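# Observations on the three-dimensional arrangement
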Amino acid sequence: MTPSAHLLLLFFSFSLTLSAAQTPSSPPPPPPPSDDCNGIFISYTFSGRTRIHPYLPKNSPDQPYTFTASASVINNDDVPLRSWGLSVGFNHREVLVSADPAVLSDGSTFPVRVGPTNATFSGFPEADLETAIDTAGDATKTQVQINIKGTLFGSPQPTIPLPATLSLANDGYICPKATVIGNATLQSCCTRDPKFKSNSTDDSTNFLPRQDGDLTIAYDVIQSSQSNYLASVQIENQNPLGRLDYWKLSWEWMRGEFIFSMKGAHTTLEDQQTCIFGEQGQFYQALDFSTVMNCERSPTIVDLPLNLANDSKVGLIPNCCRNGTVLPRVMDPKQSASAFQMQVFKMPPDLNRTKLFPPQNWKIVGSGLNPAYLCGQPVRVSPALFPDPSGLPSNSTAVASWQVVCNITRPAGYRPKCCVSFSAFYNDSVVPCRTCACGCPNARPMCSSTASALLLPPEAVLVPFENRTAKALSWAQLKHHDVPSPLPCGDNCGVSLNWHVLTDYRNGWSARMTLFNWGDTNIADWFAAVGLEKVFEGYENTYSFNATVMPDENRTIFIWGMPGQNYLTAEVDGADPKRDPRVPGKQQSVISFTKKLTPGIDISAGDGFPSKVYFNGEECAMPTMIPTSGGSRMTVIGGVWGSLVALLGVMVVVLMEL
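Quick caveat, the model's predicted, so the values are computed rather than measured.

## Section: the overall build of the protein chain
Counting secondary structure elements, the protein chain contains six helices and 39 strands. As presented, the protein chain carries roughly 32,000 Å² of accessible surface, and 54% of it is formed by carbon and sulfur atoms.

See below:
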């Protein structure tokens, strides 16, 4: 290269450098919207949708689309957000197929239909969001993005199907109404409520406090090694009117865990094949899987019978082996809890004694007349304390503890399992359980599910519904009552309770309560609860049952059987099965009241009838009319009774035959 060419090349390079230096730089990108939030920033962004089969006519509201979206929770506050929850008000009949990394807070498993209701997401495997202060701004620990996939219906282009609402589900936060950014994003900045008072986070341990619920389940890891741990599970009844019979508990393992062994309970299936032919068998090649109890992703666990409580191999666990019975504390404190232990094996990448994750999506059900429970996800709480088994005055601490809170719920389409009839000495007709009180079968005979139940003579309440027709029709003819066509269907309840106003005098009055079991199974350790809003203070005594007053439970009297009378036997054949109707199991007691503490009550006007009745924790269907004095007169329930469903019914004479 000649000297002149070399100089020319240097000049050209200098010119390019000078030109670049003089060119104004592009403006920096705007800060993300979350930067303006010093609380908890939440957002939901709709990503897109694709039409899927079946293909319906254009603009059909039932056309399905697969959709994707993302939701974010960012902790910009100066305190950690423990067990975060994000509530999304889906309103396009969405069916959620996946949400990663999150689970549904109500324990539902994917796929699940959520629209048009709120769906609340909880964090898993990481449930807490730390602060930028404590993590030096590490976004992986202060925020989470949920990738959502599902199906929605209708909303063709160009409509953007955004949720109706978006809010933080944690207590103690105020979230302004979410604003729409662009046309595909909802966002809000939630701040702590200065008026909120709670025993929220324990600042010394950074754990949330234990919560109250109708039923709580403690999941405590009491021993931990690299590949497995020993867990204690305790179910505790906290609702004075709740119970479980023959409970069945299930959950979902999220990280490949399996149950090696168990004491105090057992799984309904001893499954080893899932492990042998799965990742567990490949990793634990030296393990004898023939001794493994269960490898199901969603095992079902049941209690052991009473005779195994002291068995050295499967029993000897405090509160175990109750045959699945959990009673109210007021009835028997020793039977208000149920517990078991299990050895759980883990899978990579959790092979560390501190890598502990509880199962998710808990469900618990009972058999027979038990309430329905809805369980939340496990929440990390401070380690539980266990008394020294040797009796020394010391406690051992759990390695880690979680709490699952379950509450009594009435899901859509739920029907009661018990019903109530009313009668009184001053009226000659029975107010029976209302038509289809506990549901009507789909393939029912020619009967009406909406017609009011027929008034009954007193003796008719002693026979099954299918044997009452002739008595009811004769009574209607005698009393000149209208008879619908077709005739009303039965109540279809397994248990009924008759409340009969027995006497009314100057200083007091009395009632007789009779229980009927129309089912094929004996009911052990039964209890009933009667809410008496107007006359509660006048309660004196229950003569044939145990009873106690519960003023904090809507002014309720809690009643249960005495020893030897705690069984409500099943329905049996009559003396001559070819001629006589079946006979229900029944128990009864007189209950006395004084008027000294309830001046102004009018028993003959209906003040002596309960507003709510429970049997074994199940709220029973109530009549919609009450007996009043004067022949066959009746009064539609109103006022304090107004919350009850209004159909039709009537009442009953003195049930001296009961």
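Next comes the rest of the description.
## Considerations on the packing of aromatic side chains
Using the criterion set out here, one finds 23 aromatic pairs in the structure. Measuring from centroid to centroid gives 4.8 Å for tryptophan 251 and tryptophan 362, while their planes differ by 50°, and the two rings are tilted. Highlighted residues: tryptophan 251 in strand S15 (residues 248-252) and tryptophan 362 in strand S20 (residues 360-365), separated in sequence by 111 residues. Residues phenylalanine 283 and tyrosine 284 carry aromatic rings whose centres are separated by 4.8 Å and whose planes lie at 90° to one another, so their mutual orientation is edge-to-face. By relative accessible area, which is 38% here, phenylalanine 283 ends up partly exposed. Accessibility expressed as a relative area gives 12% for tyrosine 284, which makes it buried. These aromatic residues form a ring-pair network of at least three members: Phe258, Phe260, Phe283, Tyr284, Phe289 and Phe345. The residue whose ring lies beneath arginine 51 is tyrosine 55, and the NZ or CZ to ring-centre distance is 4.1 Å. One residue, arginine 255, lies across the ring of phenylalanine 357, its end atom 4.3 Å from the ring centre.

## Digging into the side chain of aspartate 77
Note on placement: aspartate 77 falls in the loop between strand S2 (64-75) and strand S3 (85-89). Judged by its relative accessible area of 10%, aspartate 77 is buried. A distance of 2.9 Å separates polar atoms of two side chains, one belonging to aspartate 77 and the other to arginine 192. The residues touching aspartate 77, leaving out its near neighbours within four places in the chain, are Asn38, Gly39, Ile40, Thr131, Tyr173 and Arg192.

## Quick notes on the sheet that holds S20
Taken together, four strands build an open sheet; the order of strands is S17-S18-S15-S20 and the sheet is antiparallel. If you trace the sheet from one side to the other, it starts and ends with strand S17 (265-267) and S20, each paired once. Shown here is a sheet whose adjacent strand axes are inclined to one another by a mean of 25°, direction ignored. Bridge count between S15 and S20: four bridges; the pairing is antiparallel. Among the inter-strand pairings, glutamate 252 is bridged to a residue of S20, identified as glutamine 360.

## Topic: the environment of alanine 231
Assignment of secondary structure puts alanine 231 in strand S14 (residues 228-237). Alanine 231 sits in the buried class, given a relative accessible area of 0%. In this structure the C-alpha to C-alpha distance between alanine 231 and aspartate 220, which are 11 residues apart in sequence, comes to 5.5 Å.

## Considering the confidence of the model for the protein chain
For the protein chain, mean pLDDT is 88; residues scoring 70 or higher make up 89% of the total. When the criterion is pLDDT under 50, residues 7-12 qualifies, and its contacts beyond four places in sequence or with other chains add up to one contact.

## Digging into the state of the cysteines
When the sulfur atoms of two cysteines share a covalent bond, that bond is a disulfide. Taken as a whole, this structure holds 10 disulfides when the rule is applied. Two residues share a disulfide in this structure: cysteine 438 and cysteine 493, whose sulfurs sit 1.9 Å from each other. Measuring the twist about the S-S bond at about 95°, one finds the cysteine 438-cysteine 493 disulfide to be right-handed. With cysteine 438 in the loop between strand S26 (418-424) and helix H6 (469-479) and cysteine 493 in the loop between H6 and strand S27 (495-504), this residue pair connects regions lying 55 residues apart in the sequence. Here the two residues cysteine 438 and cysteine 493 agree in accessibility, since each one is buried.

## Considerations on the environment of phenylalanine 41
Counting through the fold element by element, phenylalanine 41 comes out in strand S1 (residues 40-51). Put simply, phenylalanine 41 and serine 188 are 147 residues apart on the chain and 6.0 Å apart in space, counted from C-alpha to C-alpha.

## Brief notes about H6
At 3.6 residues per turn, the α-helix brings residues three or four places apart onto the same side. Within H6, burial applies to Ala472, Trp475 and Ala476. Looking straight down H6, one finds that the buried residues subtend no more than 100° of arc, so they occupy a single side. Summarising the geometry of H6, the exposed residues directed more than 90 degrees from the buried face are Ala470, Gln477 and Leu478. Two residues or fewer after H6 comes histidine 480, characterised by a positive phi angle close to 60°.

## Observations regarding the pairing of strand S36 (residues 612-615)
Two elements, strand S30 (residues 527-531) and S36, share four bridges in a ladder whose sense is antiparallel. Its bridge partner lying in S36, glycine 531 is registered against lysine 612. By the bridge criterion, two bridges tie S36 to strand S37 (residues 618-619) in an arrangement that is antiparallel. Paired with phenylalanine 615 across the strands is glutamate 618, a residue of S37.

## Details of the pattern of salt bridges
Oppositely charged side chains may form a pair once their charged atoms are brought near each other. This structure, assessed with the given rule, holds 19 salt bridges. Of the charged contacts, one joins arginine 243 and aspartate 245 as a salt bridge, the two residues approaching to 2.8 Å between their closest N and O atoms. Here aspartate 580 and arginine 579 are joined by a salt bridge, their closest N and O atoms 3.2 Å apart. Overall, aspartate 580 belongs to the partly exposed group, its relative accessible area being 24%.

## Observations concerning the nonpolar core
Within the largest apolar cluster, 37 residues are counted, with the highest numbers of intra-cluster contacts made by Trp499, Met513, Trp526 and Phe615. Elements that contribute at least two residues to this core include exactly S26, S27, strand S28 (508-517), S30, strand S33 (556-560), strand S35 (585-594) and S36. When residues no more than four places from it in sequence are discounted, the contact partners of phenylalanine 615 are Leu369, Cys418, Val495, Leu515, Ile523, Trp526, Phe527, Ala528, Leu568 and Cys620. Formed by 34 residues, the second largest nonpolar core is a distinct cluster that contains Phe67, Ala69, Val144 and Leu168.

## Notes on unusual backbone geometry
Between aspartate 100 and the following residue, proline 101, the backbone shows a cis peptide bond with an omega angle of 5°. Here proline 348 and proline 349 are connected by a cis peptide whose omega angle stands at 10°. In this fold, proline 349 is placed in the loop between strand S19 (337-345) and S20. With phi around 50°, aspartate 525 is a residue other than glycine that occupies positive phi space.

## Comments concerning the side chain of arginine 468
Locating arginine 468 in the fold gives a position in the loop between S26 and H6. The buried charged residue arginine 468 lacks any salt bridge, with aspartate 491 as its nearest oppositely charged partner at 4.6 Å. What arginine 468 contacts, discounting residues up to four positions off in sequence, is Leu456, Ala460, Val461, Val463 and Trp518.

Calculation notes
Residues numbered from 1 in each chain as written. Predicted model: local features only at pLDDT ≥ 70, side-chain atom pairs only at ≥ 80, totals over all residues. Heavy atoms only, no water. Helix = DSSP H or I, 4+ residues; strand = E, 2+ residues; numbered from the N terminus. Areas by Shrake-Rupley, 256 points an atom, 1.4 Å probe, with all protein chains shown as cover. Phe/Tyr/Trp six-rings, centres within 6.5 Å; stacked < 30°, edge-to-face > 60°. Buried < 20%, exposed > 50% of the residue type's maximum accessible area, 1.4 Å probe, protein only. Lys NZ or Arg CZ within 6 Å of the ring centre and 35° of its normal. Polar contact = N/O pair within 3.5 Å; in protein donor to acceptor, adjacent residues only side chain to side chain. Contact = heavy atoms within 4.5 Å. Pairing = 2+ DSSP bridges. Axes fitted to C-alpha atoms, helices over the stretch in contact; angles between N-to-C directions. pLDDT = per-residue confidence, 0-100. Disulfide = S-S within 2.5 Å. Arc of directions from axis to C-beta. Salt bridge = Lys/Arg side-chain N within 4 Å of Asp/Glu carboxyl O. Core = buried A, V, L, I, M, F, W, Y, C linked by side-chain atoms within 4.5 Å. Lys, Arg positive; Asp, Glu negative; His and termini not counted.

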